[in-house]
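Coordinates in review
So you can see what is in the structure, the chains are spelled out below.
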Amino acid sequence: MRVFDSSDIRNVALIGHGHSGKTLLTSSLLFTAGLTDRHLKPDEGNTITDFDEEEVARKLSVSSAVAAFPWQKTKLNLIDTPGYNIFLNDTRSALIAADSALVLLDGVAGVEVSTEKLWQFAEEFKLASAIVINKLDRERSSFERVMASAQEAFGRAAVPVQLPIGSEKNFTGVIDLIRMRAYTYKPGGNGKGAEGDIPASEQDSANKAHEALVEMIAEGNDELMEEFFATGTLPPEHLVSGLQQAVRERRIFPVLCTAASQNLGSDLLLN
């Protein structure tokens, strides 16, 4: 078995209101990383992290479970946690072992009751956190509406680092706002996108979102702010390092896009 240095290990908790898709997203990431030979689903009662008889019967998580796997040069320990109120004490206990948190929002419902409680847990443990808007393939899902919900609840520090390509059943890809590249996916595929240019129909919105992201990253860093004023932008490598620092300091909560049921956006989330 491969041995990892502690600096190459990430303990990441998936938290969110019940049925925001944490267990299904965990299964998507495992499949994309090659740890399973097919996409396992809670509705089929065969997921890695919901294995208890009660969890299989209820089709929801009752207790936290860990899925460990390598991705590139890093070992990821994903902690799939419960989202319903009666099980949140278990989630809080699991966060003690986490380095960071992915806060899942339903692409239709947005911020829900348990979401805010779990956000308080992440604040309590000072966890670097990112927001994942999931289920963007669902009918009546809306990235824009859920973004507004997130910023109302968590402030302007919730800033997109990705945008969806298409919506509802036509959600087919993700725009990376750091490198300004588009990734398109085969629904129900292996979770690995095909890189290409940003579609012309999405270029204006991507440019505006990129500018907003650059300003947010530069805002809390004097060196990057000077570079931004001098050149009007920041190169991708400086955006990445600046974003990493801002996330560690909880100054920015990057927002990402997925549709776990169709395994869309999984590789970018892992990266």
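Attention here is on the structure that accompanies the text. (Residues numbered from 1 in each chain as written. Predicted model: local features only at pLDDT ≥ 70, side-chain atom pairs only at ≥ 80, totals over all residues. Heavy atoms only, no water.)

1. Observations concerning the pattern of salt bridges
Rule in force here: Here, a salt bridge means any Lys or Arg side-chain nitrogen found within 4 Å of an Asp or Glu carboxyl oxygen. Going along the chain from the N terminus, every DSSP run of H or I of four or more residues is numbered as a helix, and every run of E of two or more is numbered as a strand. Each residue is assigned to one of three classes by its accessible area relative to the maximum for its type, calculated with a 1.4 Å probe on protein chains only: buried under 20%, partly exposed between the two thresholds, exposed over 50%.
Tallying each qualifying case throughout the model produces 9 salt bridges. A salt bridge links Glu195 to Arg181, with the nearest nitrogen and oxygen atoms 2.9 Å apart. With a gap of 14 residues between them, Glu195 in strand E10 (residues 194-196) and Arg181 in strand E9 (residues 181-184) connect regions that are remote in the sequence. With relative accessibility at 24%, the residue Arg181 sits in the partly exposed group. Arg181 is the partner of Asp197 in a salt bridge, and the nearest nitrogen-oxygen pair spans 2.6 Å. Of this pair, Asp197 sits in the loop between E10 and helix H6 (203-219) while Arg181 sits in strand E9, placing them 16 residues apart in sequence. Shared partners join several salt bridges into a network, and the residues in it are Asp106, Lys135 and Arg138.

2. Remarks on the packing of aromatic side chains
Condition: Between the rings of Phe, Tyr and Trp (Trp by its six-membered ring), a pair exists once the centres lie within 6.5 Å; its type follows the angle of the planes, with under 30 degrees stacked, over 60 edge-to-face, and the other angles tilted.
As enumerated under the stated definition, the model contains 3 aromatic pairs in all. Geometrically, the ring pair formed by Trp119 and Phe154 is stacked, given 3.8 Å between the ring centres and 15 degrees between the ring planes. Placement of Trp119 in helix H4 (residues 113-124) and of Phe154 in helix H5 (residues 143-154) is noted, with a sequence separation of 35 residues between them. Neither residue differs from the other here; Trp119 and Phe154 are each classed as buried. Centroid distance Trp119 to Phe253: 4.8 Å. Interplanar angle 75 degrees. Geometry classified as edge-to-face. Of the two residues, Trp119 sits in helix H4 while Phe253 sits in strand E11 (residues 253-257), which places them 134 residues apart along the sequence. A network of ring pairs unites the aromatic residues Trp119, Phe154 and Phe253 as a single cluster.

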